[in-house]
Amino acid sequence: MIHHQTPRDTVHHQPQPSVSRERSRSPGLIPYETVPCQPSSSSGVQPGPSGAQYQPPIHIEVSVDFTRPDGQRTRPLLVENRRLYVDEHYISVWSPVLRAWCVECPDRELILANVQYEHVLEMLECIHPTYKAVDDQSVHILLPLAYDYQMEGLLHRCECFLISHNLPFLEKVWIADRYKLNRLLVLCLREMRPNSKVDLNGSRYYALSDRVKVLLLERLHGAAAPEEILEPPLDLEPYQRQSDVNFAAVRAKTGRLYYVNPYYMAAWSNVFEEKLCSTSSGVEEMFCPCTHEELKAFLMAIHPPQLRINETNIGPILMSACKMESPALLRKCANLLLSPHTQLSVFVRLSLLDRCFLHEMLPQCLQMVLRPENLIQMTQQTTYDCLSTRAKAAMMDRLGILLDNPGLQSHHCSRCKATNTCGAVTWMCPSCKTYSTDTNLVRNTNTNNVATTTNTGYGTNATTVDKTQQGYGTTSTMNTGYGNAGGTVGGFK
């Protein structure tokens, strides 16, 4: 049972009015900076005839130090005799339990019993603009905390992770039953088929509630699958009326008005933070530089349960993040645009980055273009003239690289972080699988379909050698320590 109490050595703070108070600029929300992150096993670029030199992806760094108080985070949480400082307005948006405790004890620290310091810190990093991702280890830490503190937004994030994560069937059903994850439970029941094999002797089955046992029994005997539950958030109805939590009005350029918590908005937006720090009177209404569509996307993206960003909604979210100067939201959008799994064309990614002035990410984005003719086709797009001069110059730089060095390319090793060129070439016959280091094999006009594998001191790297003598081609194969990829590549003729 998680509770709070007032200790004898409680540190007293001045009570903070819910509407107006003068606040200093938070050092936790510094202007964003781009730093190289660790290279992943996939650079997001498939090997081609003119594969570019690999560069680690760029991301925007956002960090918050919860161990020290600042202008925003003044409420101490005491966990295992160690203090973490939070903004009571921010945690009130996420948890009605913590909000009730803050109201009951406006000038005292909160004691969080029966929880671990590292677990609470993990929870804070997940719900704040640091937006730490949920993984297979943290999900079991976050679920009990989110359930006890009634944090529906964090429960939703854990639920989304479990839906896409591979776990034993009864393990997922037990978690959904234990923490009331109805959407996960419905999806598990929909995956079941009549006469499915279910382990009815395991500990997880005996720990299920009677209600879920009945649902499993009915589903096994051919009962209809329950209707799928839509993923929240569905609308902005909670923000269309004033409440104790959302007491300040924010108005879009088009005149549409929503009610929000100004201190929560200041944690995500430098624009709101500056407005909040510049006024000493009560915050009743604020204007934002976004359209109604952009403001709606921004509110749904930052408030729990936090709208998941995808290819269909990234446009207005990215534009609102740029106008509202939100480093955390810019980071989320930029990571999606530079992800190899995103179903967007390179030109669309380039245009979005250019419109939001993320010019330092343009070279990384253009590394997905592997052939010069594809880059030429990008210049023929109807919206090409809308690009800035810097974006067009980046395209020209990429074209120069592709035209200047279409053969063996240097590569970035994911292990030692070094960039090296291929040191040797081994030729493989696709018929008899015989290897040879004789480079004259590809010069032989009677040789067909010669496959190449390039070797370096750090592994193997994919390159493509284009031979068009008498119509014969060359096949390139890549084998690395992190995966395999291959393909037949012809040169541009």
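As recorded in an unreviewed UniProt entry, the protein chain goes by BTB domain-containing protein and comes from Caenorhabditis nigoni.

S.K.: Describe the side chain of glutamate 159, with residues and values.
M.R.: With respect to the helices and strands, glutamate 159 occurs in helix 5 (residues 152-164). Among buried Asp, Glu, Lys and Arg side chains, glutamate 159 stands out as unpaired, with arginine 183 the closest opposite charge at 4.6 Å. Once residues lying within four places of it in the same chain are set aside, the contact partners of glutamate 159 are Leu181, Asn182, Arg183 and Leu184.

S.K.: Quick one: what's the story with the packing of aromatic side chains, residue by residue and with numbers?
M.R.: Summed over the entire model, instances satisfying the criterion amount to 5 aromatic pairs. For the ring pair tyrosine 90 and tyrosine 264, a centre distance of 4.4 Å and an interplane angle of 20° mean the geometry is stacked. Here tyrosine 90, found in helix 1 (residues 88-94), pairs with tyrosine 264, found in helix 10 (residues 262-268); they are 174 residues apart in sequence, far enough to count as distant. Take tyrosine 90 and tyrosine 264: they sit in the same class, and that class is buried. Between the aromatic rings of phenylalanine 247 and tyrosine 263, the centroid separation amounts to 6.5 Å while the plane-to-plane angle is 55°, which identifies the pairing as tilted.

S.K.: So what about the sheet that holds strand 7 (residues 257-260)? Which residues, and what values?
M.R.: Read across the open sheet, the 3 strands follow the order 7-6-8; overall the sheet is mixed. Each edge of the open sheet is held by one strand with a lone partner, namely strand 7 and strand 8 (285-287). The mean inter-strand angle of the sheet, taken between neighbouring strand axes irrespective of direction, is 30°. Here strand 6 (residues 248-251) pairs with strand 8 via 3 bridges, running parallel. Across the sheet, the residue bridging to arginine 251 is phenylalanine 287, located in strand 8. The sheet contacts of helix 12 (residues 292-302) involve strand 6 and strand 7, and relative to strand 7 the element is tilted by about 20°.

S.K.: Explain helix 13 (residues 314-323) to me, and be specific about the residues and the numbers.
M.R.: In terms of burial, helix 13 is largely enclosed, as 7 of its 10 residues are buried. Among the residues making up helix 13, those that are buried are Ile314, Ile317, Leu318, Met319, Ser320, Ala321 and Cys322. Structurally, helix 13 contributes buried residues whose contacts are with helix 12, helix 14 (327-337) and helix 15 (346-355). Immediately downstream of helix 13, the backbone of glutamate 325 shows phi near 55°, a positive value.

What counts and how
- Residues numbered from 1 in each chain as written.
- Predicted model: local features only at pLDDT ≥ 70, side-chain atom pairs only at ≥ 80, totals over all residues.
- Heavy atoms only, no water.
- Helix = DSSP H or I, 4+ residues; strand = E, 2+ residues; numbered from the N terminus.
- Buried < 20%, exposed > 50% of the residue type's maximum accessible area, 1.4 Å probe, protein only.
- Lys, Arg positive; Asp, Glu negative; His and termini not counted.
- Salt bridge = Lys/Arg side-chain N within 4 Å of Asp/Glu carboxyl O.
- Contact = heavy atoms within 4.5 Å.
- Phe/Tyr/Trp six-rings, centres within 6.5 Å; stacked < 30°, edge-to-face > 60°.
- Pairing = 2+ DSSP bridges.
- Axes fitted to C-alpha atoms, helices over the stretch in contact; angles between N-to-C directions.

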